[in-house]
Amino acid sequence: MPKIKKTVIIPGYRCNNNCQFCLNINKRNSIPEKTTLQIKKEMVEARNSGTTYLELVGGEMSIRPDIVGLIKFAKEQDFKTIMMSTNGRMYSYRNFAKKIVEAGLNSLVFSIHGHTAQLHDFLTQVKGSFNQLKKGIENVRKVGLKNIGSNTTIVKQNYKYIAQIGKLIYNLGIRNSEFIFVDPSYGAAHDRFYKFVPKISEAASYIHKCLDIGKKHKISHWAIRYVPLCYFTDYLDQVSELQEVEIFHTEHLAPDFENRDVEGSRKVVGRAKTKRCQGCRLYDKCEGIWKDYLKNYGDKELKPMK
Ligand code: SF4
């Protein structure tokens, strides 16, 4: 099957949350947002070059005053999927949720970092953000949005609760979920590595319990992202990158960079395998682990598979 071309437009990094582990912590207030015109131009170019899957991420895209108009414009370009990832807070306003879904947004991915208000709000550093997020999910459902997903960043502060977070997501009726091992290449987890990055050998068994929820209920997308495969040999069909490389060709268009081959460059630039991996039967499939992880924790945890 030919791959789906996905264009991810990042308009900037402004956000109404203040997540402790934010990848863009150093960019949030220093990089100017793209203009409405710039974003529209990028949409037209993407569509002309064959993109059918448009993804809008931030920062937090929903706080832009021009957002409803941008979604309408995307709909006019005839993208099959118009997806946004969000912390969900703006969607707690019913009128906003209604307007944006009516404008043409047809897929929404909510960031859910804790199973309780205490944990989620602690990580986002915004009191009330968990309750707003839950209200947002309820609102978009009420106005007819069907395609609802979730993202959870796995950090030291929440990995022991990852199965409970999975259970919450399941109970919220979400059936399209990614659990993402924190990326320490830049941002907060780079600057304060030991504060945020758990050891894979310690986190894996907790993550397995979360992935078991997806297995048990036969959920088609309930996946882990950015982990070495040796800790997930019984879960290879739930490793996001392995699925993604078969389905998508992705480009990222941010205010401060352009990456026209996300899958290819992540393999080469961000992640690495080491000498220890030689002879591993999963070598060709595996992207290894983040280079910054190796710099800090070394490669002793990697377990070449016979
Ligand atoms: S030993 Fe290396 S190549 Fe094998 S699964 Fe682990 S990280 Fe991947």
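I will try to describe carefully the structure that is included in this document. (Residues numbered from 1 in each chain as written. Predicted model: local features only at pLDDT ≥ 70, side-chain atom pairs only at ≥ 80, totals over all residues. Heavy atoms only, no water.)

### Focus: the site of the ligand
Then step 1. Residues in contact with the ligand, as listed here, are P228, L229, C230, K273, C277, C280, Y283, C286, L302, K303 and P304.
Then step 2. Of the residues assigned to the shell around the ligand, the class counts are nine nonpolar, no polar and two charged. (Near = heavy atom within 4 Å. Nonpolar A, V, L, I, M, F, W, Y, C, P; charged D, E, K, R; others polar.)

### Comments concerning the sheet that holds strand β2 (residues 53-56)
Then step 1. Spatially, nine strands are ordered β7-β6-β5-β4-β3-β2-β1-β8-β9 in an open sheet, and the strand pairing comes out mixed. Every other strand in the sheet has two partners, leaving β7 (221-225) and β9 (258-259) as the edge strands with one partner each.
Then step 2. Relative to strand β5 (residues 148-154), strand β4 (residues 107-111) runs parallel, the two being bridged by four bridges. Paired with S111 across the two strands is N151, which belongs to β5.
Then step 3. Strands β2 and β3 (81-86) of the sheet are contacted by helix α2 (residues 67-76), whose axis makes an angle of about 155 degrees with β3. (Pairing = 2+ DSSP bridges. Helix = DSSP H or I, 4+ residues; strand = E, 2+ residues; numbered from the N terminus. Contact = heavy atoms within 4.5 Å. Axes fitted to C-alpha atoms, helices over the stretch in contact; angles between N-to-C directions.)

### Description of the pairing of β7
Then step 1. With five of its five residues buried, β7 lies for the most part within the structure.
Then step 2. Side-chain alternation along β7 places H221, A223 and R225 on one buried face and W222 and I224 on a second face that is also buried.
Then step 3. Direction of pairing for strand β6 (residues 176-181) relative to β7: parallel, over a ladder of five bridges. Paired with F179 across the strands is I224, a residue of β7. (Buried < 20%, exposed > 50% of the residue type's maximum accessible area, 1.4 Å probe, protein only.)

### With respect to the side chain of N139
Then step 1. In this structure, N139 sits in helix α5 (residues 129-142).
Then step 2. Sequence-distant contacts of N139, defined by excluding residues within four places in its chain, comprise Y91, S92, Y93, R94 and A97.

### Describing unusual backbone geometry
Then step 1. Omega for the bond connecting G58 with G59 falls within 30 degrees of zero, at 10 degrees, which places this linkage in the cis form.
Then step 2. Inspection of the secondary structure puts G59 in the loop between β2 and α2.
Then step 3. Its identity is not glycine, yet K218 carries a phi of approximately 50 degrees, on the positive side.
Then step 4. Mapped onto the fold, K218 is located in the loop between α9 (200-216) and β7.
Then step 5. Overall, K218 belongs to the exposed group, its relative accessible area being 74%.

### Some points on the environment of T233
Then step 1. Looking at where T233 falls in the secondary structure, it is placed in the loop between β7 and α10 (240-247).
Then step 2. For T233, a relative accessible area of 31% corresponds to the partly exposed category.
Then step 3. Between the C-alpha atoms of T233 and M305, which are 72 residues apart in sequence, the distance is 8.9 Å.
Then step 4. With near-sequence residues (within four places) excluded, T233 lies in contact with R281, L282 and M305.

### Examining the packing of aromatic side chains
Then step 1. As enumerated under the stated definition, the model contains twelve aromatic pairs in all.
Then step 2. Here the aromatic rings of Y226 and W290 are separated by 4.8 Å at their centres, their planes lie at 70 degrees, and the arrangement is edge-to-face. Of the two residues, Y226 is situated in the loop between β7 and α10 and W290 in strand β11 (residues 289-290); the sequence distance between them amounts to 64 residues.
Then step 3. For W290, a relative accessible area of 3% corresponds to the buried category.
Then step 4. Among the aromatic residues, those joined into a cluster by ring pairs are F181, F193, Y194, Y293 and Y297.
Then step 5. Positioned above the aromatic ring of F79 is the side chain of R47, whose terminal nitrogen or guanidinium carbon lies 6.0 Å from the ring centre.
Then step 6. Between R271 and the ring centre of W290, over which it is positioned, the NZ or CZ distance is 5.7 Å. (Phe/Tyr/Trp six-rings, centres within 6.5 Å; stacked < 30°, edge-to-face > 60°. Lys NZ or Arg CZ within 6 Å of the ring centre and 35° of its normal.)

### Overview of helix α1 (residues 36-48)
Then step 1. If you check α1, its first and last C-alpha atoms are 19 Å apart, about what 13 residues at 1.5 Å a residue would give, namely 18 Å.
Then step 2. Those residues of α1 that are buried lie in contact with β1 (4-9), β2, α2 and β8 (248-253).
Then step 3. Backbone geometry just downstream of α1 places G50 in the positive-phi region, at approximately 100 degrees. (Expected span 1.5 Å × (residues − 1).)

### Overview of the packing of helix α4 (residues 117-124) against α5
Then step 1. For the pair α4 and α5, interaxial distance at closest approach is 8 Å and the crossing angle is 105 degrees. Considered as vectors, α4 and α5 are oriented roughly perpendicular to each other. Counted together, A117, H120, D121 and T124 of α4 and S129, F130 and L133 of α5 form the full contact between these two elements.
Then step 2. Grouping the amino acids of the contact of α4 with α5 by side-chain chemistry returns three nonpolar, three polar and one charged. (Parallel < 35°, antiparallel > 145°, perpendicular 65-115°, else oblique.)

Note that all results are geometric; they support no functional claim without further evidence.
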